[in-house]
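# An overview of the molecular structure
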Amino acid sequence: MGFYSICPLCGLNTGPLDLQSNALPTELRRRVSLGRTKKFFIVPSLLIIIIIIIIIIIMSSKPIVAVSGATGQQGGSVVNALLATGKYNVRGLTRDPSSAAGKALAAKGVEVVKANLSNSEDVERAFKGADVAWIVTNFWDPSIVGTDVGEEVRQGKLVADAAKKVGLNWLIYSSLPDPAAGSKGLYNNVIHFTGKNQVEEYIRQSGIPNSTFVYAGFYSSNIGAFFPLIDKEGYAEIRVPIFQADSLIPIFDASNDTGPIVAKIIEEGPQKWNGKRVAAAAEYISFQKIAETLTKVRGKEHRFISLSKEETAKEFPYLANEEIFEMNGWIKDFGYFGEDAALSDLSIAKELHPSIATFEQYAQKKYGKN
């Protein structure tokens, strides 16, 4: 028995259909096929839209962390560590977003923002909407050490004022001890240490709800760069002003290990770390041990040579200044972190970042034979 019906998919009058037959009019089959095809495309499209909306919601709910020095050693390490967690929206501060380094940050998914730390409007704009900020100032930038050594302190205070003004909840600052106070006036010219400590004290009094201070140790990369390795016939020398063979330094790989420490601090939150100081270093090592480690890793004897001020001026004029002489004297006589036992304890850094690299691990990576 046959009857006329209207197809619910395409609206075509199908004409008489034989319920006992699988045959359908050609036009009906075409429209049914077309309807199925449209449905096939519509469903995935809706899913894609839903997924995009979910991603936007997730991204907008992530805390924003502003990171200064994002193309440098400390800041770059913090950027990489935060990105690796997938828990944060990272805002990288740099003076030139159009540079190759700035573009590389953007390619990683960083929100790159132009910010000169000497410009209050730049810093306020960079902090606006952020939950946390990691700040490191660079005394060795030519605009500071070569122009006005007081600018680092002005930058740090400007940063604190901007954070307070925009309502930043948590400022994490790369600080150092004060040799002038710690030596009772013996070492008054270690400006890049003392200046950072002055900024720390200013931040503590600024009224910012939360602040934490990470004290970066001696960079492993200083060995071979700041203090060069001099290759001789059959051996090499490490020639360093003021230090003695048994002088101890707290050393770490700033480019790789600053970030994991800071990321863990942020993960654990200001309720644990507000007001705290954290020494960032893997171990204390003597210059004699550094020489022995390089001998082992490079397969060539390395000898440590301590230079007087006069020898330094002759061989390495760029190191012959009171800033370097007094820094090395401070470390030799009082220790890098001074005589503060709590600050000098490196166990906290190891708890935050258990795989922090020793100097030997750093040297194997940099100089070891593949």
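Before any of the text, the structure's been laid out above.
Residues numbered from 1 in each chain as written. Predicted model: local features only at pLDDT ≥ 70, side-chain atom pairs only at ≥ 80, totals over all residues. Heavy atoms only, no water.

### Looking at the packing of aromatic side chains
Applying the stated criterion across every chain yields a total of 13 aromatic pairs. With a centroid separation of 5.3 Å and 65° between ring planes, the pair formed by Phe193 and Tyr336 is classed as edge-to-face. Here Phe193, found in helix α8 (residues 191-204), pairs with Tyr336, found in the loop between α13 (322-334) and α14 (341-344); they are 143 residues apart in sequence, far enough to count as distant. Of the two residues examined, Phe193 and Tyr336, each falls in the buried class. The aromatic ring of Tyr367 is capped on one face by Arg298, whose charged end is 5.4 Å from the ring centroid. Seen from the ring of Tyr235, Arg303 lies directly overhead, with NZ or CZ sitting 3.7 Å from the centre. (Phe/Tyr/Trp six-rings, centres within 6.5 Å; stacked < 30°, edge-to-face > 60°. Helix = DSSP H or I, 4+ residues; strand = E, 2+ residues; numbered from the N terminus. Buried < 20%, exposed > 50% of the residue type's maximum accessible area, 1.4 Å probe, protein only. Lys NZ or Arg CZ within 6 Å of the ring centre and 35° of its normal.)

### Points about the nonpolar core
Grouped together as the largest cluster of nonpolar side chains are 63 residues, with contacts concentrated most on Phe127, Ile249, Ile290 and Phe359. The element contributing the most residues to this core is helix α6 (residues 151-166), with six residues. With 33 residues, the next largest nonpolar core counts Ala81, Trp134, Phe252 and Ile356 among its residues. (Core = buried A, V, L, I, M, F, W, Y, C linked by side-chain atoms within 4.5 Å.)

### Remarks on the sheet that holds strand β9 (residues 218-219)
The strand order across the open sheet built from three strands is β9-β12-β14, with neighbouring strands paired in mixed fashion. A strand with exactly one partner marks an edge of an open sheet, and here the two such strands are β9 and β14 (283-286). Of the pairings in the sheet, the one linking strand β12 (residues 248-252) to β14 comprises four bridges and is antiparallel in character. Note that in β14 the partner of Ile251 across the bridge is Glu283. (Pairing = 2+ DSSP bridges.)

### Remarks on the sheet that holds strand β11 (residues 235-241)
Read from one edge of the open sheet, three strands run β10-β11-β15, paired in mixed fashion. The two strands at the open ends of the sheet, each matched to only one other strand, are β10 (229-231) and β15 (301-307). Averaged over all pairs of adjacent strands, the angle between strand axes in this sheet comes to 30°, irrespective of strand direction. As paired strands, β10 and β11 are joined by three bridges and run antiparallel to one another. Bridging from a neighbouring strand, Ile230 pairs with Glu237 of β11. (Axes fitted to C-alpha atoms, helices over the stretch in contact; angles between N-to-C directions.)

### Things to note about the pattern of salt bridges
Summed over all chains, the structure comprises 21 salt bridges. Among the salt bridges present, the one from Glu301 reaches Arg303, with a minimum N-O distance of 3.2 Å. The partly exposed category is assigned to Arg303, whose relative accessible area is 33%. Between Asp333 and Lys332 there is a salt bridge, with the nearest N and O atoms lying 2.9 Å from each other. A relative accessible area of 35% places Lys332 in the partly exposed class. Several salt bridges share partner residues, and in doing so they unite Lys87, Lys264 and Glu267 into one network. (Salt bridge = Lys/Arg side-chain N within 4 Å of Asp/Glu carboxyl O.)

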